[in-house]
Amino acid sequence: MMKGLKKWRLFSLLAVMMVFLSGCGEDYLSTLKPSGEVGKQQLNLLLMTTIIMTIVVVVVSVIYLLAFVKYRRSKVGENVIPKQVEGSHTLEVIWTVIPIILLLIISVPVVITTYKFADVAAMDEVDAEGNKTALTVNVTAKLYWWEFEYPNQGIITAQELVVPTGEKVYFNLKAADVKHSFWIPAVGGKMDTNVENLNKFYLEFDKESKDLKDGVFYGKCAELCGPSHALMDFKVKALSPEAFDAWVASMKATEGQVADKNAVDLGEKTFANNCLSCHAVSGVGGPGVGPNLTAFGDRNRVAGFLEHNEENLKAWIKNPAEFKPGNLMMKQDGSEPIYGQLTDEEIDALATYIMSLSVEK
Ligand code: CUA
């Protein structure tokens, strides 16, 4: 087998594994370094099952190797017939009971924890005034971006989920087009977002994200959904409860904000005439056709994965399909963006305007 496998293939396989494994141990991305109670318990289950499986593999391998070495023909002679154990009650009982015990050890905590994580009863709890007490986020996955609506606060954002630390955050998950999957590797998940039903779960964030590499946790789409599936990233800002409340207040303060079609600023004018019908610039309102851009300037990435600067934003506006094949900013025939071709001057001004959209001081 190994001889047939050319060296370079083995090498590229190892190289690919290196890339995957390089994500391990990073606290903004790794399941192995959880930053919340859900992620921690999921990791504990992972470790427990892995340890039990490893013990089984080791024990079976040792028995196999012992038999292999000890009872070779060259050692015991050509004509030796070993003791026949077919139908042995003792053996049958041993190799039936041990797996049952192991499976019980695995399944009891797994089932208990799974049901605990699915307990979203608190989502419906209300205080004396009838306001919902739990923080809920409606997540809608779309080709190839994420919308985050906070129904109890009446605000909406996209691509960067903002959450407070130290409390359970409840999620209503759905998809607008095809099946996607919501995953924040370092915090917990993942759970599918479906078109036909709502999936619900909660996560806890016990660490502020500001000290992480990019100041955010990384989020991923974990279900193959089309040509740009691998680029369907989002980011998560975990703030202190006070900072989160301040963010909510400044998002609410953008109520009614629009771009003016006759603005003196060329960027705002271009935006109003070409972008506003799909992209809102007010954080108060309902779902949009395209990502809500109210807090675009505060984001960590352009289009979810490109470095956050004006150059990338301009390149993206010029030809979104070059970066995210199959995204819906392009005409069906893929010839040009749905807003047509803008002049370089318009694109420059537009990028400056979009970058200036911010709710953080
Ligand atoms: Cu959306 Cu993969």
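Our subject is the structure that appears above.
About the cut-offs
Residues numbered from 1 in each chain as written. Predicted model: local features only at pLDDT ≥ 70, side-chain atom pairs only at ≥ 80, totals over all residues. Heavy atoms only, no water. 1 Å grid on protein atoms, 1.4 Å probe; cavity = no way out; pocket = protein on both sides within 12 Å on 5 of 7 lines; lining within 4 Å. Points joined across faces, edges and corners; volume = space filled by probe spheres on them. Helix = DSSP H or I, 4+ residues; strand = E, 2+ residues; numbered from the N terminus. Nonpolar A, V, L, I, M, F, W, Y, C, P; charged D, E, K, R; others polar. Domains from an automatic or database assignment. Salt bridge = Lys/Arg side-chain N within 4 Å of Asp/Glu carboxyl O. Buried < 20%, exposed > 50% of the residue type's maximum accessible area, 1.4 Å probe, protein only. Lys, Arg positive; Asp, Glu negative; His and termini not counted. Contact = heavy atoms within 4.5 Å.

Visitor: Teacher, can you tell me more about empty space enclosed by the protein here?
Guide: One simple way to see leftover space: roll a probe sized like a water molecule over the atoms. Under the defined criterion, the tally for this structure stands at 3 cavities of 30 Å³ or more. When its volume is computed, the largest cavity comes out at roughly 70 Å³. Looking at the lining of the largest cavity, the elements that each hand over two or more residues are β3 (155-158) and β4 (160-164). A breakdown of the residues in the lining of the largest cavity according to their chemical character gives 5 nonpolar, 2 polar and 5 charged. Each of domain 1 (26-239) and domain 2 (266-355) contributes no fewer than three residues to the lining of the largest cavity.

Visitor: Would you mind going over the pattern of salt bridges with me for this structure?
Guide: In a structure, side chains of opposite charge can pair up when their charged atoms sit close to one another. Within the structure shown, the criterion is met by 13 salt bridges. For the salt bridge of D192 with K179, the shortest nitrogen-to-oxygen distance reads 4.0 Å. Residue D192 is found in strand β7 (residues 188-193), and its partner K179 is found in the loop between β5 (168-175) and β6 (180-184); the two are separated by 13 residues along the sequence. The class for D192 is partly exposed, based on a relative accessible area of 25%. Classification of K179 as partly exposed rests on a relative accessible area of 36%. With its nearest N and O atoms 3.6 Å apart, the salt bridge here joins K314 to E311. In this pair, K314 and E311 both sit in helix α7 (residues 310-318), 3 residues apart, roughly one turn of the helix. On the basis of relative accessible area, K314 is assigned to the buried category, the value being 16%. Taken together, the salt bridges that share partners define one network made up of E160, K237 and E360.

Visitor: How should the side chain of K235 be read in this particular structure?
Guide: Turning to its location among the elements, K235 is positioned in strand β10 (residues 234-239). The charged side chain of K235 is buried without a salt bridge, its nearest counter-charge being D233 at 4.4 Å. Excluding residues that lie within four positions of it along the chain, K235 makes contacts with Q159, E160, L161, V216, F217, Y218, N300, R301 and G304.

Visitor: Could you clarify how one ought to interpret the layout of surface pockets in this entry?
Guide: Approximately 590 Å³ is the volume found for the largest pocket. Lining the largest pocket we find 29 residues, and of these H279, G290, P291, W316 and M329 sit closest to its centre. Contributions of two or more residues to the lining of the largest pocket are made by α7 and α9 (344-355). With 3 residues, α7 is the single largest residue contributor to the lining of the largest pocket. Looking at side-chain class alone, the lining of the largest pocket contains 20 nonpolar, 6 polar and 3 charged residues. For the lining of the largest pocket, the two domains that each supply at least three residues are domain 1 (26-239) and domain 2 (266-355).

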